[in-house]
Amino acid sequence: MAVLKVIEVLANSEKSWEDATKKAVKHASKSVKNIRSVYINEQSASVKDGEVSEFRVNVKITFEVN
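Residues numbered from 1 in each chain as written. Predicted model: local features only at pLDDT ≥ 70, side-chain atom pairs only at ≥ 80, totals over all residues. Heavy atoms only, no water.

## Topic: the overall build of the protein chain
We apply this condition: Numbering goes from the N terminus for both helices and strands, where a helix is a DSSP run of H or I of at least four residues and a strand is a run of E of at least two. Our radius of gyration looks at C-alpha atoms and nothing else; its globule reference is 2.2 Å times the residue count to the power 0.38. Classification of residues uses two cut-offs on accessible area relative to the type maximum, computed with a 1.4 Å probe and protein chains only: under 20% is buried, over 50% is exposed, and between them is partly exposed. Two residues form a contact once any of their heavy atoms are found within 4.5 Å. By the counting scheme adopted, Arg and Lys are positive, Glu and Asp are negative, and His together with the chain ends is not counted. Charge positions come from single atoms, namely NZ of Lys, CZ of Arg, CG of Asp or CD of Glu.
Counting its regular elements, the protein chain contains one helix and three strands. Order of helices (α) and strands (β) in the protein chain, N terminus to C terminus: β-α-β-β. The C-alpha atoms of the protein chain give 14 Å as radius of gyration, which overshoots the globular expectation for 66 residues (11 Å, by more than 25%). Within the span of the protein chain, comprising 66 residues, buried residues form 27% of the whole. Across the protein chain, the fraction of contacts at a sequence separation of at least 24, relative to all contacts at a separation of at least 6, is 63%. The averaged location of the 9 negative side-chain charges in the protein chain is 9 Å from the averaged location of its 11 positive side-chain charges.

## Description of the pattern of salt bridges
Here is the rule: Put simply, a salt bridge is a Lys or Arg side-chain nitrogen that is within 4 Å of an Asp or Glu carboxyl oxygen.
As enumerated under the stated definition, the model contains four salt bridges in all. Across the pair arginine 36 and glutamate 64 runs a salt bridge whose closest N-O atoms are separated by 2.2 Å. Of the two residues, arginine 36 sits in strand E2 (residues 35-48) while glutamate 64 sits in strand E3 (residues 51-65), which places them 28 residues apart along the sequence. Relative accessible area serves as the criterion here: at 25%, glutamate 64 is assigned to the partly exposed category. One salt bridge in this structure joins arginine 56 and glutamate 54, with 3.0 Å as the shortest N-O distance. By relative accessible area, which is 38% here, arginine 56 ends up partly exposed.

Printed below as a string of structure tokens:
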């Protein structure tokens, strides 16, 4: 039986929601091992001068606990 844990991570990117998600996983993997999946909980964006300036994600990252 595997024991799984879920953490919530917020990340942002000037490129895309996909890039923000990749940044969240990359940053989490520095201290969390055995990441199994990522679930995008929320997406949002900042707007400046009528243009999207930043993409934001709130993700849940699932990993196996040894």
